[in-house]
Amino acid sequence: MIIVILVATLLGSFINIPLVKLKTPVQIVREEFVDSFGVTYRIPRVQEGCAVTTIAVNVGGALIPTAVSIYLLGKAPFTIMLYSLVGVAVVAFITHLVARPVKGVGVVTPALIPPIAAAVTAIVLAPGSAIVIAYVSGVLGALIGADLLNLPKIPKLGAPVASIGGAGTFDSVFLSGIIAVVLAAL
């Protein structure tokens, strides 16, 4: 079952569901690529008129991991739920400290910081139940700390699409799942 979830998460990373379009005060630069004689050239084009950033949610980086987290929390004893919520808060705080809004791109996060923070937090809080706590706190902590807490900054970045759980955060979410599996094997 774990492998199915990881594969679904990976495949779902290619799917973004648009939620809302926001007017942005900065010009959006879209890149176009042209191939000529075997050489690829990047051509930046400034969007004319009213610039808009689309806020989307990534299936593999947000929806599937959040659904799995909710399922795990629903099956967990009350103490594990509490430990998981503490873990989410710790990982969200740490992730928010290291996440960086990048103009033209969106919010980016160092891939290993949230999963390592989640694993350490889970082992400290409840070594016997570290798997659930590591997964839930790594996934939800990365999404909250990187993407949700930085939503107000998105319109100023000039990115054409900002995806919750997308490219800048997906690695952290996916690695949180893998590290939880590794903890299960220990």
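Residues numbered from 1 in each chain as written. Predicted model: local features only at pLDDT ≥ 70, side-chain atom pairs only at ≥ 80, totals over all residues. Heavy atoms only, no water.

Asks: How should I be thinking about the packing of helix α1 (residues 2–12) against helix α2 (residues 59–75) in this particular structure?
Replies: When two helices pack together, you describe them by how their axes are tilted relative to each other and by the distance separating the axes. Where α1 meets α2, the closest approach of the two axes is 7 Å, and the angle between their N-to-C directions is 150°. Contacts from I5, A8, T9 and G12 of α1 reach α2 at V59, G60, I64, P65 and V68. Residue composition of the contact of α1 with α2, by class: six nonpolar, three polar and no charged. (Axes fitted to C-alpha atoms, helices over the stretch in contact; angles between N-to-C directions. Helix = DSSP H or I, 4+ residues; strand = E, 2+ residues; numbered from the N terminus. Contact = heavy atoms within 4.5 Å. Nonpolar A, V, L, I, M, F, W, Y, C, P; charged D, E, K, R; others polar.)

Asks: What's the story with the nonpolar core in this structure? I'm lost.
Replies: Side chains of a nonpolar character, in soluble globular proteins, are inclined to be buried together. Judged by nonpolar contacts, the single largest core of 30 residues is most densely connected at V139, L143, I154 and I164. Of all the secondary-structure elements, those providing two or more residues to this core are β4 (52–58), α2, α3 (78–98), α4 (113–125), α5 (130–147), β7 (161–164) and α6 (167–185). Discounting residues that sit within four places of it in the chain, I154 has contacts with T53, I55, V107 and A162. (Core = buried A, V, L, I, M, F, W, Y, C linked by side-chain atoms within 4.5 Å. Buried < 20%, exposed > 50% of the residue type's maximum accessible area, 1.4 Å probe, protein only.)

Asks: So what exactly am I meant to see when it comes to the packing of aromatic side chains here?
Replies: The way to describe two aromatic rings as a pair is by their centre distance and the angle between their planes. In total, this model carries one aromatic pair according to the counting rule given. Centre to centre, the rings of F170 and F174 are 5.6 Å apart; their planes meet at 20°, and the pair counts as stacked. You can see F170 and its partner F174 sitting in helix α6, four residues apart, about one turn around the helix. By the burial criterion, F170 is buried, and F174 matches it. (Phe/Tyr/Trp six-rings, centres within 6.5 Å; stacked < 30°, edge-to-face > 60°.)

Asks: Is there a simple way to think about a nonpolar patch on the surface in this case?
Replies: On the surface, F14, I15, I17, L19, V20 and L63 cluster together into a nonpolar patch covering about 590 Å² of accessible area. Here the element with the most residues in the nonpolar patch is strand β1 (residues 16–23); it accounts for three residues. For L63, a relative accessible area of 39% puts it in the partly exposed group. (Patch = residues over 30% accessible without salt bridge, like charges linked within 9 Å, V, L, I, M, F, W, Y side chains within 5 Å. Areas by Shrake-Rupley, 256 points an atom, 1.4 Å probe, with all protein chains shown as cover. Salt bridge = Lys/Arg side-chain N within 4 Å of Asp/Glu carboxyl O.)

Asks: Just checking my understanding: could you explain the environment of Y71 for this structure?
Replies: Turning to its location among the elements, Y71 is positioned in helix α2. Between the alpha carbons of Y71 and V136 there is a distance of 9.9 Å; along the sequence they are 65 residues apart.

Asks: Help me out: how do you make sense of the sheet that holds β7 in this one?
Replies: Strand pairing within a sheet occurs via backbone hydrogen bonds; the two strands may be parallel or antiparallel. If you trace the three strands from one edge of the open sheet to the other, you get β1-β4-β7, paired in mixed fashion. Two strands close off the open sheet at either side, each with one partner strand: β1 and β7. Shown here is a sheet whose adjacent strand axes are inclined to one another by a mean of 25°, direction ignored. Sheet topology note: the β1/β4 ladder contains seven bridges and is antiparallel. The residue of β4 that forms the bridge with K23 is V52. Packed onto the sheet, α2 meets β1, β4 and β7 and runs at close to 45° relative to β4. (Pairing = 2+ DSSP bridges.)

Asks: What is the right way to read the packing of α3 against α5 from this model?
Replies: Here α3 crosses α5 at 40°, and the two axes come no closer than 7 Å. As the angle between them shows, α3 and α5 are arranged oblique. Remark: the crossing between α3 and α5 carries right-handed chirality. Where α3 abuts α5, its residues I80, Y83, S84, G87, V88, V91, A92, T95 and H96 lie against V132, I133, V136, S137, G138, L140, G141, A142, I144, G145 and A146. Taken together, the residues that form the contact of α3 with α5 break down as twelve nonpolar, eight polar and no charged. (Parallel < 35°, antiparallel > 145°, perpendicular 65-115°, else oblique. Left-handed = near helix turned anticlockwise from the far one by under 90°.)

Asks: When you look at α3 in this model, what are you seeing that I'm missing?
Replies: Three- or four-residue spacings in an α-helix give side chains the same orientation, since the helix completes a turn every 3.6 residues. An ideal rise of 1.5 Å per residue puts 30 Å on 21 residues; α3 measures up with 30 Å between its terminal C-alpha atoms. Within α3, burial applies to I80, S84, G87, V88, V91, A92 and T95. For α3, the buried positions fall inside an angular range of 140° around the axis, keeping them on one side. The exposed residues of α3 that point more than 90 degrees off its buried face are F78, L85 and F93. (Expected span 1.5 Å × (residues − 1). Arc of directions from axis to C-beta.)

Asks: It is not clear to me how α2 should be interpreted in this structure. Could you clarify?
Replies: The end-to-end C-alpha separation of α2 is 23 Å, in line with the 24 Å expected for 17 residues at 1.5 Å each. All of the buried residues along α2 are V59, G60, G61, A62, P65, V68, S69 and L73. N-capping of α2 is provided by N58, with a side-chain oxygen placed 3.0 Å from the backbone N of G60. (Polar contact = N/O pair within 3.5 Å; in protein donor to acceptor, adjacent residues only side chain to side chain.)

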